[in-house]
Amino acid sequence: MSTFDEYLAHWEFGDDWRPVVEHLAARVTNWPNGAPPPDDFCVDFPVDVLWTDGLLVWTSLVDPLRGTISTGLGGQIDRSGLRCGNLNPHNPGDHLDCHFVLLREGRSLSALTDAFLDWVAAETTRLSLHND
């Protein structure tokens, strides 16, 4: 059972956003290279919108030299689309420093979820190369 299956079993978020976590649970078997492991991700209430109007999915990256959390990466899918960026890893709901917005118009929740995972994998790789 993945962490996403556990969130689904104890769902406390808006029903419109359940398909996002269902898609993440389904993707565990073909997780993108470079992304942190699925069990390192958390699901939380959204930032800057009503709790029923979106979903925040995030992970913390650990600095391998220091053994401490170095940064947080998150993606929020809400009624305006997908926003991805850095966030405070100690308080993810504090703010989402947005790097890009991908509007939902014409895109499924699955497509937005895949775009988020691709961004996390690319950003994780970029940060690890920057820190080497």
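As a convention, each chain's residues are numbered from 1 in the sequence order in which they are written. A pLDDT threshold of at least 70 governs which residues receive local features in this predicted model, and a stricter bar of 80 or more applies before side-chain atom pairs are shown or counted, although totals over entire chains, interfaces and linings include all residues. Computation of side-chain values: all heavy atoms of the structure, hydrogens and water removed.

**A short note on unusual backbone geometry**
Within the chain, Asp-48 stands out as a residue other than glycine whose phi angle is a positive 70°. Its place among the elements puts Asp-48 in the loop between strand S1 (41-44) and strand S2 (54-63). Owing to a relative accessible area of 68%, Asp-48 belongs among the exposed residues under this scheme. Think of it this way: any DSSP run of H or I at least four residues long counts as a helix, any run of E at least two long counts as a strand, and we number them from the N terminus. Only protein chains enter the accessibility calculation, which uses a 1.4 Å probe; a residue is then buried when its area is under 20% of its type maximum, exposed when over 50%, and partly exposed in between.

**Description of the packing of aromatic side chains**
Stacked, tilted and edge-to-face pairs are distinguished by plane angle, under 30 degrees for stacked and over 60 for edge-to-face with tilted covering the rest, among Phe, Tyr and Trp rings (Trp via its six-membered ring) whose centres lie within 6.5 Å. Per the counting criterion, the structure on display carries seven aromatic pairs. Consider the rings of Trp-11 and Phe-13, whose centres lie 5.1 Å apart with planes at 75°: the pair is edge-to-face. The same class applies to Trp-11 and to Phe-13, which are both buried. Relative to Phe-41, the ring of Trp-31 lies with its centre 5.4 Å away and its plane at 80°, an arrangement referred to as edge-to-face. In this pair, Trp-31 sits in the loop between helix H2 (18-27) and S1 while Phe-41 sits in strand S1, placing the two residues ten residues apart along the sequence. Judged on exposure class, the residue Trp-31 and its partner Phe-41 are both buried.

Function cannot be read off these values alone, since they describe shape.
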